[in-house]
Each structure stands twice: as C-alpha cells, then as structure tokens.
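Topology and contacts: notes
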Amino acid sequence: MTKISELLDAAAARTCPVVRAVDDAQLTAPTPCGEYDVRALLNHLFQVVTNFQALAARRPVEFGETPDVVTGDWRGRFEAETARLAQAWDAPGVEEGAVGAMGLPARTVGMMVLGDLVVHGWDLGRATGQDFEADPVVLAELGPKFAGLAPKAREMKVFGEPFPVPAGATALERLVGDTGRDPGWRPPRG
C-alpha cells in the first residue's frame, strides 16, 4: 500500500502541467463536470486542495462558498498548494484514525482528495484540449477505492450515475465512468 503523500505527489505531477497550460481565454469553457466551467472548476479544485491540507492536520474545514482564486499567479499557487497538500499527508500518523465531520477513516479521506486531483485533472485536460494520463500506480490504488465509494457518493450527489464504459476500457476511463462522466467527452464545437 503506497503512502497517500506519494500518491498525491504522483497525481500532482500529472495535474499541475495541465493547470499550468490552461489559457486565460479558456476559463469560460465548459467541462465534463457539468456544473462547472474551467474557472469554477479551478476554484473548486483550489478549495479542495487547501481544505484537505486542513483535514490532514485535523483542523475544521468549510466547503460552503468557493472564493475566486483564479487571479494573479494562480498557476504557480496551485503547484505550491498541491506540494503543501502532499506534505500535509506525509506527517507521521496522518493516515491513522478518523478525519473530518463525518469521521471517515483518514486513508479514505486522503483517497478522496487524490481522486479530485486525478478526475478534475482529466476534466481540465478535456475541457482545454490537453492530453491527461494518470499515473498507473495512482490508478491501481484509486480505482478500486472509488468503485467502493461510488454508491455512497451517488447517494450524496457527489458522483453522477455511472457512465457505461466498454469492455477493454482503460483504468482511467473506468474511474471517470464511475464518477458519472463520459470518458469520450469532448468540448462542443463553436
């Protein structure tokens, strides 16, 4: 079992280049995550990355309003925040016990933020015409965990209904499908 911090480092290594390559002209583009355009998805992902740093430290978090942080050097800040996230999840004992208001196992909470980095990295890649390939080690750990979390996530309206994927689908396509996204999604032609 790979440490959450190592998995987060590997996921960030694939997601950060996608974030860095988002052009300001693409901020209003739609994403596979239907309720978000690119800017809103970036703001959401920033909030997740910072809130899950706090969860690793067993501090309370607020997921209410999402501030607009896509200003200034937001690309550089995203890389710095993902590095802080991995550091937070590398603290001694961080994967032990329960975390957050729901009292979930710490490793499950770490997998949740890992999933956000991977799936939203894919979302942003698709929305902005970039290739996104998730780390195979990350997918091997994340895929089965998300498949197990999916029913509860759907009940809580965090995931959509599973999108059917063909036999022979990649691990990333299965993961994306489990969250309710169409792995074949492409931006509408304008």
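This structure is a prediction, so every number in the text was calculated from the model and none was measured.

The rules we used
- Residues numbered from 1 in each chain as written.
- Predicted model: local features only at pLDDT ≥ 70, side-chain atom pairs only at ≥ 80, totals over all residues.
- Heavy atoms only, no water.
- 1 Å grid on protein atoms, 1.4 Å probe; cavity = no way out; pocket = protein on both sides within 12 Å on 5 of 7 lines; lining within 4 Å.
- Points joined across faces, edges and corners; volume = space filled by probe spheres on them.
- Helix = DSSP H or I, 4+ residues; strand = E, 2+ residues; numbered from the N terminus.
- Nonpolar A, V, L, I, M, F, W, Y, C, P; charged D, E, K, R; others polar.
- Core = buried A, V, L, I, M, F, W, Y, C linked by side-chain atoms within 4.5 Å.
- Buried < 20%, exposed > 50% of the residue type's maximum accessible area, 1.4 Å probe, protein only.
- Salt bridge = Lys/Arg side-chain N within 4 Å of Asp/Glu carboxyl O.
- Lys, Arg positive; Asp, Glu negative; His and termini not counted.
- Polar contact = N/O pair within 3.5 Å; in protein donor to acceptor, adjacent residues only side chain to side chain.
- Contact = heavy atoms within 4.5 Å.
- Patch = residues over 30% accessible without salt bridge, like charges linked within 9 Å, V, L, I, M, F, W, Y side chains within 5 Å.
- Areas by Shrake-Rupley, 256 points an atom, 1.4 Å probe, with all protein chains shown as cover.
- Expected span 1.5 Å × (residues − 1).
- Phe/Tyr/Trp six-rings, centres within 6.5 Å; stacked < 30°, edge-to-face > 60°.

1. A closer look at the layout of surface pockets
Taken as a whole, the largest pocket spans an internal volume of roughly 1,100 Å³. The wall of the largest pocket is formed by 39 residues, among which Phe-52, Met-112, Asp-116, Met-156 and Val-158 lie closest to the centre. Of all the elements in the fold, those that place two or more residues in the lining of the largest pocket are helix 2 (38–56), strand 2 (104–105), helix 4 (106–127) and helix 5 (136–155). A class-by-class count of the residues in the lining of the largest pocket yields 23 nonpolar, nine polar and seven charged. In this structure, the second largest pocket spans a volume of roughly 250 Å³. Along the walls of the second largest pocket sit 14 residues, with Trp-122, Arg-126, Phe-132, Glu-133 and Arg-186 positioned nearest its centre. Element by element, the count of residues in the lining of the second largest pocket is highest for helix 4, at three residues. Looking at the lining of the second largest pocket residue by residue, the classes come out as five nonpolar, four polar and five charged.

2. Let's talk about the nonpolar core
Counting 55 residues, the largest nonpolar core has Leu-8, Leu-42, Trp-89, Val-118 and Leu-172 as its most contacted members. Sorting the residues of this core by element identifies helix 1 (4–20), helix 2, helix 3 (74–88), helix 4, helix 5 and helix 6 (171–178) as the ones contributing at least two each. For this core, the element with the most residues is helix 4, which contributes 11 residues.

3. Considering the pattern of salt bridges
Summed over all chains, the structure comprises 10 salt bridges. With its nearest N and O atoms 2.9 Å apart, the salt bridge here joins Glu-81 to Arg-84. Residue Glu-81 and its partner Arg-84 are both found in helix 3; the two are separated by three residues, about one turn of the helix. In this structure Glu-81 comes out as buried when scored by relative accessible area, which is 18%. Measuring nitrogen to oxygen at the nearest pair gives 2.9 Å for the salt bridge that ties Glu-141 to Arg-107. With a gap of 34 residues between them, Glu-141 in helix 5 and Arg-107 in helix 4 connect regions that are remote in the sequence.

4. A closer look at the side chain of Arg-154
With respect to the helices and strands, the residue Arg-154 is situated in helix 5. The side chain of Arg-154 sits in the buried core without any salt bridge; Asp-178 is the nearest counter-charge, 4.6 Å away. Looking at Arg-154, its side chain comes within polar contact range of the main-chain oxygen of Asp-178, at 2.8 Å. With residues up to four places along the chain from it excluded, the contact list for Arg-154 reads Phe-159, Gly-160, Glu-161, Pro-162 and Asp-178.

5. Looking at the side chain of Asp-135
Mapped onto the elements of the fold, Asp-135 is located in the loop between helix 4 and helix 5. Not counting residues up to four positions away in its chain, the partners in contact with Asp-135 are Ala-10 and Arg-14.

6. Let's talk about a nonpolar patch on the surface
On the surface, Met-102, Met-156 and Val-158 cluster together into a nonpolar patch covering about 310 Å² of accessible area. Mapped onto the fold, Met-102 is located in the loop between strand 1 (98–99) and strand 2. The exposed category is assigned to Met-102, whose relative accessible area is 55%.

7. Some points on helix 2
Taking 1.5 Å per residue, 19 residues should reach 27 Å; helix 2 reaches 27 Å between its end C-alpha atoms and fits that length. Within helix 2, 16 of the 19 residues are buried, which leaves the element mostly enclosed by the surrounding structure.

8. What to know about helix 6
Buried within helix 6 are the following residues: Leu-172, Leu-175, Val-176 and Gly-177. On its buried side, helix 6 packs onto helix 4 and helix 5. Downstream of helix 6 by a residue or two, Gly-180 has a phi angle that is positive, lying close to 95°.

9. Some words on the packing of aromatic side chains
Evaluation of the coordinates by the stated rule reveals three aromatic pairs. Ring geometry for Phe-46 and Phe-78: centres 5.4 Å apart, planes at 75°, overall edge-to-face. Remark: Phe-78 occurs in helix 3 and Phe-46 occurs in helix 2; sequence separation between them is 32 residues.

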